[in-house]
Amino acid sequence: MTRISAGNLKKGEFIIYQNETWQLQKAEFYSPGKGSALMRAKIKNVISGKNIDYTFKSSEYVETIEVESVEMQYLYKDNENAYYMDERTYNQYTVPLAVIGEAINFFKEGEKMFVYVQNEKPLCISPPMSVRLRVTETEDGVKGDTVSGAKKTAILETGASILVPLFVKKGDIITLNPEIGEYVGREKEI
Amino acid sequence: MDIQTKIQNLPKYKITLEIKAAINHYFQNKGYLQIDLPVLSPALIPESYLEIFETEFRYLDMKKKLYLTPSPELFLKRLIGQGIGNCYYLGKTFRNSEPNSSLHLPEFTMLEFYKVGVGYKDLATEILELLRYIARCISGSAYSFIYQGEKISLARWEELTLAEAFARCSGISGSDLFVEDKFLQKAKTKGYNTSGFSYEDIFSQIIAQEIEPNLGKNGYPTMVYDFPPKMASLAKLSPDKKIAERMEFYIDGKEIGGCCTEVDNWREYKSRSARHMKKRKEMGSINHKVDNEFVEAIKDGFPPCTGAGIGVDRLAMIFANAKSIGELKLIEVS
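What counts and what doesn't
Every chain is numbered independently, its residues counted from 1 as its sequence is written. A letter from A marks each chain and a number from 1 marks each ligand, given out in the order of writing. Per-residue local features are limited, in this predicted model, to residues with pLDDT of at least 70; the limit for side-chain atom pairs, both in listing and counting, is 80 or more; totals at the level of whole chains, interfaces and linings are taken over all residues. Side-chain metrics in this entry use all non-hydrogen atoms of the structure; hydrogen atoms and water are not considered. Patch membership needs two things, relative accessible area over 30% and no salt bridge, and members are linked within 9 Å if like-charged or within 5 Å if nonpolar (Val, Leu, Ile, Met, Phe, Trp, Tyr). For every accessible area listed, the method is Shrake-Rupley and the probe measures 1.4 Å; residues are considered covered only by the protein chains on display. Salt bridges, as used here, are contacts in which a Lys or Arg side-chain nitrogen is within 4 Å of a carboxyl oxygen on Asp or Glu. Labels follow the DSSP assignment, with helices taken as runs of H or I lasting at least four residues and strands as runs of E lasting at least two, numbered in each case from the N terminus. Reported domain spans reflect what an automatic or database domain assignment gives. The rule is simple: take the accessible area with a 1.4 Å probe, protein chains only, and divide by the maximum for that residue type; under 20% is buried, over 50% is exposed, in between is partly exposed. Here the arc refers to the directions that run from the helix axis out to each C-beta atom. Whether two residues are in contact is decided by their heavy atoms: any pair within 4.5 Å suffices. Throughout, buried area stands for the accessible area (probe radius 1.4 Å) lost by two parts on being put together, summed over both.

Chemist: Break down a nonpolar patch on the surface for me, with residues and values.
Modeler: Nonpolar side chains collect at one region of the surface, where Phe57, Tyr59, Leu60 and Met62 of chain B lie side by side and expose about 470 Å² of accessible area between them. Looking at the secondary structure, you find Tyr59 of chain B in strand β4 (residues 53–59).

Structure, rendered in structure tokens:
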């Protein structure tokens, strides 16, 4: 463990706060001009997945912990956990679904992503910026409907649903941001 | 690269220009004199928590320290002491140790204005009038605008004393808020790390953590007023000395500006100034030259007046429906 001033905290770091481990989702400087400067942080509990906002004084010390980021293959999930494998060692790791959040619904088995590991214990994952998934079900867009920004629901090969533009068709491969569950674009078939 | 051009921000940049034009129109119509001021000064009035930029003027073998002004206050108050009357400054100010963030830039545009013969609550009414004027220039409606999908009405303030805001948002009562020991104890039981930190430090931490995010969220801008004397800065105390006559206002959880009845007694000013300087020394802030002549300038009679400060970048961010002040800039330096 290392003690650093909260003013130096950066997104992605892991800290100990109230005896639990949290990952910084956001850290932003803020100065009200009446008292010491502050660091406004959004932190995610690596056990429960709970997000909270907390404001640190820039000069107060915060315990940070060293965490290794290991690329792993997502194997499968059950009702409570997701299972990953380190392809170098074939070791398997278990991550609670609550920690991964909604992103899990957009992962295909075999998808590669980074898992944060501390002392051989997985803490949480770093979802990929984007994933590619096939649309298995969606209504055909109504012809002549050119209203910009209009959306419809599409079911993806993982079973998850997402809002897509009207021109997306069944069988298309789309890219999306799994962390926020948002459509990014459509891939042209080769 | 440390310098980025952001031509995509042009529409929002143009809204910022319209807001500045609206501010100038408003004050000119109201008879305030626009004051153009130096941004470099050889001395400053001390403010505990504002760090400054220092630079140097050189000519042949002469060298002289200069400071970028963190606020136009020292110049405007000298002029008010000389009887200039109602006036305003709209321009750049500089604060060191404040890195770029969604609400901060080390150099930013400040509106500071002074009205003679009125108190802080009167000026709060005028601030609202100014906001309505800007809204009418920008959106065509003086009484409301939309920010991030929420309608904000400028028909009135949501008014809360600071004690009411603390009681409502943090469960800390007025009697605890105004008494240092009780306040720190209460903060400790709430889980804040108070050891080695001052009342001011914990006060601003709780404001940022528990109070601010809830202000200006009920469809109106919120004005919070009557601060503990310890947080007076240069605000005048009430006749019973129990509160500092200071207000701040918030829109969508963001502090946009505030005003206070100004200290008009030079002895009081001098003792507060000394306290600020002592605090700066304790914190290891830049030891700048103090504008001692300022006290002389106000000795001969400083009129009762109220001063207001508004962060124009933050205000423009709200009216331009932006999430960050960076969205208003054509050039971004980091």
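Chemist: Could you give me a rundown of the domain arrangement of chain A, with the residues and numbers involved?
Modeler: Segmenting chain A into domains produces domain 1 (2–64), domain 2 (68–126) and domain 3 (131–186). Computed over C-alpha atoms only, the centres of domain 1 of chain A and domain 3 of chain A are separated by 36 Å.

Chemist: Break down helix α4 (residues 162–170) of chain B for me, with residues and values.
Modeler: Think of an α-helix as turning once every 3.6 residues; residues three or four places apart then point the same way. Residue and element names in this part refer to chain B. Residues Leu162, Ala165, Phe166, Cys169 and Ser170 constitute the buried set of α4. Seen along its axis, α4 keeps its buried residues to an arc of 100 degrees; they face one direction. On its buried side, α4 packs onto β10 (158–161), α5 (174–177), α6 (180–189), α7 (199–211) and β11 (222–227). Gly171 sits one or two positions beyond α4 and adopts a positive phi of about 75 degrees.

Chemist: So what's going on with the domain arrangement of chain B? Which residues, and what values?
Modeler: All names here are of chain B. Segmenting chain B into domains produces domain 1 (3–157 + 220–333) and domain 2 (160–208). Using C-alpha coordinates to define each centre, domain 1 is positioned 25 Å away from domain 2. Each side of the interface is counted separately: domain 1 has 15 residues, and domain 2 has 13 residues. Here domain 1 and domain 2 share an interface that buries about 1,100 Å² over both sides, 70% of which is from carbon and sulfur atoms. In terms of surface lost to domain 2, no three residues of domain 1 exceed Pro228, Lys230 and Met231, which account for 41% of the buried area on that side. Put simply, domain 1 and domain 2 have 1 salt bridge between them. The closest approach of N and O atoms between Lys230 and Glu180, which form a salt bridge, is 3.4 Å.

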